[in-house]
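So the chains spell out like this:
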Amino acid sequence: MRTVLLLGLGLALAACGSRTELTPPEGASLPVAPYGAPDQPTSEELLELSTLAAPERSVELRRRSEEREDDPFDLPPE
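Residues numbered from 1 in each chain as written. Predicted model: local features only at pLDDT ≥ 70, side-chain atom pairs only at ≥ 80, totals over all residues. Heavy atoms only, no water.

Peer 1: I keep staring at the overall build of the protein chain and nothing clicks. Help me out?
Peer 2: Scanning the protein chain from terminus to terminus reveals 2 helices and 0 strands. What you see for the protein chain is a C-alpha radius of gyration of 26 Å, clearly larger than the 12 Å of a compact globule of 78 residues, by over 25%. If you line up the protein chain on its principal axes, its C-alpha atoms span 65 × 55 × 35 Å. Counting only residues that meet the buried cut, the protein chain has 3% of its 78 residues in that class. A total of about 8800 Å² of accessible surface is found on the protein chain, and carbon and sulfur atoms cover 56% of it. (Helix = DSSP H or I, 4+ residues; strand = E, 2+ residues; numbered from the N terminus. Rg over C-alpha atoms; globule rule 2.2 N^0.38 Å. Buried < 20%, exposed > 50% of the residue type's maximum accessible area, 1.4 Å probe, protein only. Areas by Shrake-Rupley, 256 points an atom, 1.4 Å probe, with all protein chains shown as cover.)

Peer 1: Help me understand a negative patch on the surface in this model?
Peer 2: Judged by side-chain charge, E21, D39, E44, E45 and E48 come together as a negatively charged surface patch. Mapped onto the elements of the fold, E48 is located in the segment after helix 2 (43-47). Taking relative accessible area as the criterion, E48 reaches 59% and is therefore assigned exposed. (Patch = residues over 30% accessible without salt bridge, like charges linked within 9 Å, V, L, I, M, F, W, Y side chains within 5 Å. Salt bridge = Lys/Arg side-chain N within 4 Å of Asp/Glu carboxyl O. Lys, Arg positive; Asp, Glu negative; His and termini not counted. Charge placed at Lys NZ, Arg CZ, Asp CG, Glu CD.)

Peer 1: Which parts of the structure should I look at to understand helix 1 (residues 2-14)?
Peer 2: Residues that lie three or four places apart on an α-helix share one face, since the helix turns once every 3.6 residues. Across its 13 residues, helix 1 extends 18 Å between first and last C-alpha, which sits within 8% of the 18 Å expected from 1.5 Å per residue. Summarising burial for helix 1: 0 of the 13 residues are buried, a small minority. (Expected span 1.5 Å × (residues − 1).)

Peer 1: Would you mind showing me how to read a nonpolar patch on the surface here?
Peer 2: Taken together, the side chains of L6, L9 and L13 make up a nonpolar region of the molecular surface, amounting to roughly 330 Å² of accessible area. Mapped onto the elements of the fold, L13 is located in helix 1.

Peer 1: Just to check I follow, could you spell out the side chain of S43 for this structure?
Peer 2: In this fold, S43 is placed in helix 2. Residue contacts for S43: discarding those within four places in its chain leaves L22 and L30. (Contact = heavy atoms within 4.5 Å.)

Peer 1: How do you make sense of the environment of L7 when you look at a structure like this?
Peer 2: Take L7: it is sitting in helix 1. Relative accessible area serves as the criterion here: at 56%, L7 is assigned to the exposed category. Remark: the alpha-carbon pair of L7 and L46, spanning 39 residues in sequence, is separated by 37 Å.

Set out below in structure tokens:
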């Protein structure tokens, strides 16, 4: 029982990694600046998702049932 408790405590502590600023490994550098960009982006800027990568979610909810419009591309299989 004691070993299970110590093992669980060790795993919990191992999962608590430190939160420091990201830097490239020794001998490596960040990617070159994109074409036309005035300066090289930082690691934080590289981690930000663009609008196309993570679009805003449309939360338009239907209040009541609505009849669907006829879809000309909804054809039966041939």
